[in-house]
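Remarks on the overall topology
Next come the chains, spelled out residue by residue.
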Amino acid sequence: MFLGEVLGTVVSPVQIPILNGQKLLIVRTLTPDGRRTGKTRIAIDKAQAGVGDRVLCLDEGSGARGIFKDPEGAVKTVVLGVVDYVELERGRVYDHRTTKREGQA
Amino acid sequence: MFLGEVLGTVVSPVQIPILNGQKLLIVRTLTPDGRRTGKTRIAIDKAQAGVGDRVLCLDEGSGARGIFKDPEGAVKTVVLGVVDYVELERGRVYDHRTTKREGQA
Amino acid sequence: MFLGEVLGTVVSPVQIPILNGQKLLIVRTLTPDGRRTGKTRIAIDKAQAGVGDRVLCLDEGSGARGIFKDPEGAVKTVVLGVVDYVELERGRVYDHRTTKREGQA
Amino acid sequence: MFLGEVLGTVVSPVQIPILNGQKLLIVRTLTPDGRRTGKTRIAIDKAQAGVGDRVLCLDEGSGARGIFKDPEGAVKTVVLGVVDYVELERGRVYDHRTTKREGQA
Amino acid sequence: MFLGEVLGTVVSPVQIPILNGQKLLIVRTLTPDGRRTGKTRIAIDKAQAGVGDRVLCLDEGSGARGIFKDPEGAVKTVVLGVVDYVELERGRVYDHRTTKREGQA
């Protein structure tokens, strides 16, 4: 799993049952202390996440298919949940309640 | 999944049933705002995509095999669909209807 | 498998059965002689590991699901065990018994 | 899948049934226009490819096992076929018939 | 599959059946002509390999589990065999019989 930040959405008329009605989020991988990396992926949203949300993602097809109960589903990456907080040795480096979506760098 | 751009095609006399009659596309990975990365892959076309099209791709074998209903198929990457639009926090950064294939940088 | 160091924890209200009650650790990949790389992952803890522990991790979904006896589980990376020691050609480069958690660089 | 160039062969007395009598090729990944990357892999040859050949490769275990009809086979990368030609937007950048093996840079 | 060199061993009290009594090797990935890369992995030894040996490795979980006849085993990377020789276009670049373990750079 990895930590990410929702950057936006992609819309594509894909004719794949598992993707019907699913929101496709663009997620940027973050370091544990919240710095943005150069890596992005397209993920199915399972957490009602929005742009700017810090999220926990799974990047493994079989586990992702298990979530959608579709053993043949065309899916690899899933946004599992919005992150409540992240704690490193030096303390809490992210707390969802005290983070404003708009003001982040 | 990842965003890509179709660069061209590869033709190889492969004797693998799942690849019979399939068009093999060369796809370059793009950043969400459309910059080209150095990474390319060969993908089976499931979206009638052409050179210059911005596409949504799956890069996971079991999901790709599910699409072709072949649990033993030699396939990993599939072009799932042509992208309609991409939206980031600052607005729509790509719209298929207003993008000319020929004029792109 | 890879060697890692536990950096901290992530808390997210994920509604996925296999993750219920599991501690999610942030693990940084280490070189064999203990230097930190820039790569981190989120892993399920199967070894009662704590911040600062050097750990052995598996990064493969089907094996991870086997550990949790859940063939559809949304899991990829697991902390399998705390490392006792690491030996390279020039001798023992890490020994759990002689390493203080607090004093490490 | 990816494009590659056969660099050579590896011989190892591996006691794994699926590898019995198989030629193991060293394949370097190429960019679409034929530049060599720094990445190499060891692949099972399914195309009677030789040193210098430009090849189409699959890098996914389950699909590779499907080719060899061995659901437990220890295989990940397979040379599927020798490439006939590669076409990018600016035209044909590789044609097997007009490429000499010996003279290539 | 990839070529590697055994750097050392890791010992960890892991409570996973498939790992009972298995030697865990630290393997560094090599280029075809034997230069060391910066990438290392922890692998189960299936070839009685020792420190300094050049080895052929598989890095794919399902194939690795097939070797150990354990469909749920927590394993991804396996040392399949010690390499006899490596041949590139310019000739034999590695021969196990003429390589001293101690004297290697």
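So, here is what we can say about the structure in this document. (Residues numbered from 1 in each chain as written. Chains lettered and ligands numbered in written order. Predicted model: local features only at pLDDT ≥ 70, side-chain atom pairs only at ≥ 80, totals over all residues. Heavy atoms only, no water.)

1. With respect to the overall build of chain A
- When helices and strands are tallied, chain A shows 1 helix and 7 strands.
- In sequence order, chain A lays out its α and β elements as β-β-β-β-α-β-β-β.
- Whereas a compact globule of 105 residues would reach a radius of gyration of roughly 13 Å, chain A reaches 14 Å, a difference of no more than 12%.
- Its C-alpha atoms give chain A principal-axis dimensions of roughly 45 × 25 × 25 Å.
- When burial is assessed residue by residue, chain A has 60% of its 105 residues classed as buried.
- Here chain A has roughly 4600 Å² of accessible surface; of this, 46% comes from carbon and sulfur atoms.
- Separation between the mean location of the 16 positive side-chain charges and that of the 13 negative ones in chain A comes to 3 Å. (Helix = DSSP H or I, 4+ residues; strand = E, 2+ residues; numbered from the N terminus. Rg over C-alpha atoms; globule rule 2.2 N^0.38 Å. Buried < 20%, exposed > 50% of the residue type's maximum accessible area, 1.4 Å probe, protein only. Areas by Shrake-Rupley, 256 points an atom, 1.4 Å probe, with all protein chains shown as cover. Lys, Arg positive; Asp, Glu negative; His and termini not counted. Charge placed at Lys NZ, Arg CZ, Asp CG, Glu CD.)

2. Quick notes on the nonpolar core
- By size, the foremost hydrophobic cluster in this structure holds 125 residues, and its most contacted members are A:Leu80, B:Leu80, C:Leu80, D:Leu80 and E:Leu80.
- Ignoring sequence-local partners within four residues, the contact set of D:Leu80 consists of B:Val14, B:Ile16, B:Leu19, B:Ala74, D:Met1, D:Lys46, D:Ala47, D:Leu56, D:Cys57, D:Leu58 and D:Ile67. (Core = buried A, V, L, I, M, F, W, Y, C linked by side-chain atoms within 4.5 Å. Contact = heavy atoms within 4.5 Å.)

3. Observations concerning the interface of chain A and chain C
- Counting residues at the interface gives 23 residues for chain A and 26 residues for chain C.
- Buried area between chain A and chain C, summed over both chains or domains, comes out near 2000 Å², and the portion from carbon and sulfur atoms is 62%.
- Linking chain A to chain C there are 2 salt bridges.
- Among the salt bridges present, the one from C:Glu72 reaches A:Lys69, with a minimum N-O distance of 3.4 Å.
- Inspection of the region where chain A meets chain C yields 8 residue pairs in polar contact (both at pLDDT 80 or more).
- Residue composition of the side of chain A that touches chain C, by class: 13 nonpolar, 4 polar and 6 charged.
- Relative to strand 1 (residues 2–11) of chain C, strand 6 (residues 85–88) of chain A runs antiparallel, the two being bridged by 4 bridges. When the sheet's bridge partners are listed, A:Val86 is paired in strand 1 of chain C with C:Val10. (Buried area = accessible area lost by both parts, 1.4 Å probe. Salt bridge = Lys/Arg side-chain N within 4 Å of Asp/Glu carboxyl O. Polar contact = N/O pair within 3.5 Å; in protein donor to acceptor, adjacent residues only side chain to side chain. Nonpolar A, V, L, I, M, F, W, Y, C, P; charged D, E, K, R; others polar. Pairing = 2+ DSSP bridges.)

4. Let's talk about the environment of D:Gln22
All names here are of chain D.
- Structurally, Gln 22 is set in the loop between strand 1 (2–11) and strand 2 (24–30).
- The sequence separation of Gln 22 and Lys 46 amounts to 24 residues, and the corresponding C-alpha distance is 8.7 Å.
- Here Gln 22 is in contact with Ile 44, Asp 45 and Phe 68, once residues within four sequence places are set aside.

5. Considering the side chain of A:Arg28
Residues and elements named next belong to chain A.
- Tracing the backbone shows Arg 28 in strand 2 (residues 24–30).
- For the buried Arg 28, no salt bridge exists, and the shortest N-O distance to an oppositely charged side chain is 5.3 Å, to Glu 5.
- A distance of 2.7 Å separates a polar atom in the side chain of Arg 28 from the backbone oxygen of Thr 37.
- Those residues within four positions of Arg 28 in sequence are excluded, and the remaining contacts are Leu 3, Gly 4, Glu 5, Leu 7, Arg 36, Thr 37, Gly 38, Lys 39 and Thr 40.

6. As for the relation of the copies chain A and chain C
- The transform that puts chain A on chain C rotates by 72° and translates by 0.0 Å along the axis, for an RMSD of 0.0 Å. Look at the turn and shift together and you get a five-fold axis relating the two. Distance from the rotation axis, computed per C-alpha, reaches its smallest value in chain A at A:Ser62: 6.5 Å.
- When the interface residues of chain A are mapped onto chain C, a mere 4% of them again lie at the interface, so each copy presents a different face. (Least-squares fit on C-alpha atoms with pLDDT ≥ 70 in both.)

7. Considering the relation of the copies chain C and chain E
- Superposing chain C onto chain E requires a rotation of 72° together with a translation of 0.0 Å along the rotation axis, leaving an RMSD of 0.0 Å.
- Interface overlap between copies is the fraction of interface residues in one copy that are interface residues in the other; for chain C against chain E it is only 4%, indicating separate surfaces.

8. Digging into the pairing of strand 5 (residues 77–82) of chain D
All names here are of chain D.
- With respect to burial, strand 5 is a largely interior element, 6 of its 6 residues being buried.
- Relative to strand 5, strand 3 (residues 36–45) is paired through 2 bridges, and the arrangement is parallel. Bridge pairing in strand 5 places Asp 45 opposite Val 79.
- Pairing of strand 4 (residues 54–59) with strand 5 involves 5 bridges; the strand directions are antiparallel. Residue Asp 59 lies in a different strand from strand 5, and its bridge partner there is Thr 77.

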